[in-house]
Amino acid sequence: MATVMSNKKVADGIGLLEVESSQGGKPGQFYMLRAWDQYPLLSRPISIFDVTEDRILFLYQIVGEGTRRFYELRPGDDLQIEGPFGNGFPEVKGSLALVGGGIGIAPLYYMAKKVTDADVYLGFSKEAYLTEEFRNVSKELHIRVGGTVLEQIDFKDYGTVIACGPHGMLKAVQQMQEVIGQPNHVYVSLENRMACGIGACLVCSVKCKDGRKKACTDGPVFPVEEVVFND
Ligand code: FES
């Protein structure tokens, strides 16, 4: 169990939850969060937004009953957290672009804070949020509201590109990478549904070129050329 320290609305349907915990984690990893006891709601996988010595922050979007309950948490409430899980982002040397769409921006803040010299590209459908926070940890910050933020980035400018966002955006990232043709250059973090988070249930199965993998234990971060994106 962890204690909720704060829970702020940062945009319509988006919350930033801070819990007391020293369990930490790497950028790109996630926790399974649960703010209820009863069946049938399962824990929800939520990316690490930030870590300090005794705090973990999670940025979440309300997409159903489980995340709506996160929204109702108040300071002092208990929250079940398990983790950190997943492989996290790779170690990066050289120039780095972090590209996020929608709630896919969540895991990028901690990575930008760690590396300190990443260019960050954030795409929002309706309103931008946490922009000052991202500006403070980015070398350059690019923001797009409406349309696709991918139009603002040239993959050739970077040694590594890491992207997280909706399926259509990641598929477009793969097509852009194919044009460049450099393997192990572009990584995607997948937002698959999960149930167990530890490789036991197969709910998070990902179709890859060399067979099925599990987003929770093999990922959620994959070299983009490994993933088979369905239409
Ligand atoms: Fe159960 Fe990945 S969430 S195997």
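Reference entry: report on the structure contained in this document. (Residues numbered from 1 in each chain as written. Predicted model: local features only at pLDDT ≥ 70, side-chain atom pairs only at ≥ 80, totals over all residues. Heavy atoms only, no water.)

## Observations concerning the side chain of Asn 7
Right, so step 1: Structurally, the position occupied by Asn 7 is in strand E1 (residues 2-11).
Right, so step 2: Residue Asn 7 is classed as buried on the basis of its relative accessible area, which comes to 16%.
Right, so step 3: Separated by 2.8 Å, the side chain of Asn 7 and the backbone oxygen of Phe 70 make a polar contact.
Right, so step 4: Not counting chain neighbours up to four residues away, the residues in contact with Asn 7 comprise Leu 16, Leu 17, Tyr 60, Phe 70, Tyr 71, Glu 72, Leu 73 and Arg 74. (Helix = DSSP H or I, 4+ residues; strand = E, 2+ residues; numbered from the N terminus. Buried < 20%, exposed > 50% of the residue type's maximum accessible area, 1.4 Å probe, protein only. Polar contact = N/O pair within 3.5 Å; in protein donor to acceptor, adjacent residues only side chain to side chain. Contact = heavy atoms within 4.5 Å.)

## What about the packing of aromatic side chains?
Right, so step 1: In total, this model carries nine aromatic pairs according to the counting rule given.
Right, so step 2: A ring pair is formed by Phe 49 and Tyr 109, whose centres lie 4.6 Å apart and whose planes are at 10°; its orientation type is stacked. Of the two residues, Phe 49 sits in strand E4 (residues 44-52) while Tyr 109 sits in helix H2 (residues 108-115), which places them 60 residues apart along the sequence. We note that Phe 49, like Tyr 109, is buried.
Right, so step 3: Ring centres 5.5 Å apart and planes at 85° place the aromatic pair Tyr 109 and Phe 134 in the edge-to-face group. You can see Tyr 109 sitting in helix H2 and its partner Phe 134 sitting in helix H3 (residues 131-135), a full 25 residues away along the chain.
Right, so step 4: Owing to a relative accessible area of 12%, Tyr 109 belongs among the buried residues under this scheme.
Right, so step 5: Taken together through their ring pairs, the aromatic side chains of Phe 49, Tyr 109 and Phe 134 make up a single cluster. (Phe/Tyr/Trp six-rings, centres within 6.5 Å; stacked < 30°, edge-to-face > 60°.)

## Structural notes on the sheet that holds E1
Right, so step 1: Spatial ordering of the closed barrel is given by E1-E2-E5-E4-E3-E6, a layout of six strands whose pairing is antiparallel. On average, each strand axis in the sheet is inclined to that of its neighbour by 45°, with strand direction left out of account.
Right, so step 2: In terms of strand pairing, strand E3 (residues 30-34) meets strand E6 (residues 78-85) through four bridges, oriented antiparallel. When the bridges of E6 are listed, Leu 33 appears paired with Ile 81. (Pairing = 2+ DSSP bridges. Axes fitted to C-alpha atoms, helices over the stretch in contact; angles between N-to-C directions.)

## Regarding the state of the cysteines
Right, so step 1: For the structure on display, the rule yields zero disulfides.
Right, so step 2: There is no disulfide at Cys 208, and the cysteine sulfur nearest it, in Cys 204, is 11 Å away.
Right, so step 3: By relative accessible area, which is 5% here, Cys 208 ends up buried. (Disulfide = S-S within 2.5 Å.)

## Description of the layout of surface pockets
Right, so step 1: Size it by volume and the largest pocket reaches roughly 680 Å³.
Right, so step 2: In terms of lining, the largest pocket is formed by 27 residues, of which the most central are Pro 45, Ile 46, Val 63, Glu 191 and Asn 192.
Right, so step 3: Listed by contribution, the elements that provide at least two residues to the lining of the largest pocket are E4, strand E5 (55-61) and helix H1 (65-71).
Right, so step 4: Of the residues that constitute the lining of the largest pocket, the class distribution is 13 nonpolar, 10 polar and four charged. (1 Å grid on protein atoms, 1.4 Å probe; cavity = no way out; pocket = protein on both sides within 12 Å on 5 of 7 lines; lining within 4 Å. Points joined across faces, edges and corners; volume = space filled by probe spheres on them. Nonpolar A, V, L, I, M, F, W, Y, C, P; charged D, E, K, R; others polar.)

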